[in-house]
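Summary of the model geometry
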Amino acid sequence: MMNILFFLSPKQDLMYVYDDFTLRQTLEKWENNRYASIPVLNRKGEYVGTLTEGDILWGLKKYHGLDLEAAEDVPISSFAHKRDYKAVTVSTSMDQLIEAAMNQNFVPVVDDRGMFIGIVRRQAIIRYCYDKARAEQPAAKTARRREMASAAANSIVCKIHVKSAKRTVPKPGETRKNVSKTQKTCKIRLVETGRSML
């Protein structure tokens, strides 16, 4: 079982805004970071939602002739959020984390008290799954090779038995009953390995 903290980008390394920021503060903070969406926290440090570039663009629509100075008086909390990303806790299962990441650019992570501690980026989950699949490929190929080699060895043994069983004249001391028994043994081995007797 994989621990969610393995994927965590901690709060101190992230860009986020507080819900009491003004539009100007938000734009100035966001200006040098090209994220499509960012977490929004309250002053207690709790995750309260996600703000996207689209939320700001649609929010600006209602403010005609807004300049940067006037943006100082517009609270960011007045901007509607199209949707807030669902937060998970550190005890969330890998399946739940992947399900959340399929629909979000990042997954906010909170502790047991609801305090924001960081995010898990979808890219980190994709990288983990990709690396895991690549690591499993050689093991799967080796297992297939062993299985094919085992089946081939059983086939060779059975061919030898079949060739010796097809003799029309039994060896001295061997009866036709023994020859027939050898053929039956070979057929059973082939059935066990999943190969046909052709």
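Residues numbered from 1 in each chain as written. Predicted model: local features only at pLDDT ≥ 70, side-chain atom pairs only at ≥ 80, totals over all residues. Heavy atoms only, no water.

**Some points on the overall build of the protein chain**
Scanning the protein chain from N- to C-terminus turns up 5 helices and 7 strands. What you see in the protein chain, going N to C, is helices and strands ordered as β-β-α-β-β-α-β-α-β-β-α-α. When the 198 residues of the protein chain are sorted by exposure, 31% land in the buried category. For the protein chain, the exposed surface amounts to about 13,500 Å²; the carbon and sulfur share of it is 54%. (Helix = DSSP H or I, 4+ residues; strand = E, 2+ residues; numbered from the N terminus. Buried < 20%, exposed > 50% of the residue type's maximum accessible area, 1.4 Å probe, protein only. Areas by Shrake-Rupley, 256 points an atom, 1.4 Å probe, with all protein chains shown as cover.)

**What about the packing of helix α1 (residues 23-30) against helix α2 (residues 53-60)?**
For the pair α1 and α2, interaxial distance at closest approach is 13 Å and the crossing angle is 140 degrees. As far as their axial angle goes, α2 and α1 are oblique. When you trace α1 past α2, the crossing you get is left-handed. Contacts between α1 and α2 involve Leu23, Thr26, Leu27 and Trp30 from the former and Glu53, Ile56 and Leu60 from the latter. (Axes fitted to C-alpha atoms, helices over the stretch in contact; angles between N-to-C directions. Parallel < 35°, antiparallel > 145°, perpendicular 65-115°, else oblique. Left-handed = near helix turned anticlockwise from the far one by under 90°. Contact = heavy atoms within 4.5 Å.)

**Considerations on a positive patch on the surface**
A surface patch of like charges, here positive, comprises Arg134, Lys141, Arg144 and Arg145. One can find arginine 145 in helix α4 (residues 122-165). (Patch = residues over 30% accessible without salt bridge, like charges linked within 9 Å, V, L, I, M, F, W, Y side chains within 5 Å. Salt bridge = Lys/Arg side-chain N within 4 Å of Asp/Glu carboxyl O. Lys, Arg positive; Asp, Glu negative; His and termini not counted. Charge placed at Lys NZ, Arg CZ, Asp CG, Glu CD.)

**Things to note about the side chain of glutamine 104**
Looking at the secondary structure, you find glutamine 104 in the loop between α3 (94-102) and β6 (106-110). For glutamine 104, the contacting residues outside a window of four places in its chain are Arg83, Tyr85, Lys86 and Arg122.

**Thoughts on the environment of arginine 121**
Structurally, the position occupied by arginine 121 is in strand β7 (residues 116-121). Under the relative-accessibility criterion, arginine 121 is labelled partly exposed at 28%. Distance in space between the C-alpha atoms of arginine 121 and serine 9 is 7.6 Å, their sequence separation being 112 residues.

**Quick word on the pairing of β6**
The buried fraction of β6 amounts to 5 of the 5 residues, a majority that puts the element mostly inside the structure. Judged by which residues are buried, β6 turns out to be covered on both faces: Phe106, Pro108 and Val110 on one side and Val107 and Val109 on the other are all buried. Relative to β6, strand β5 (residues 88-89) runs parallel, the two sharing 2 bridges. Its bridge partner lying in β6, valine 88 is registered against valine 109. Traced from β5 through α3 to β6, the parallel crossover comes out right-handed. Between β6 and the antiparallel strand that follows it, β7, lie 5 residues; glycine 114 among them carries a positive phi value of about 85 degrees. (Pairing = 2+ DSSP bridges. Right-handed = clockwise from strand over helix to strand, strands pointing away.)

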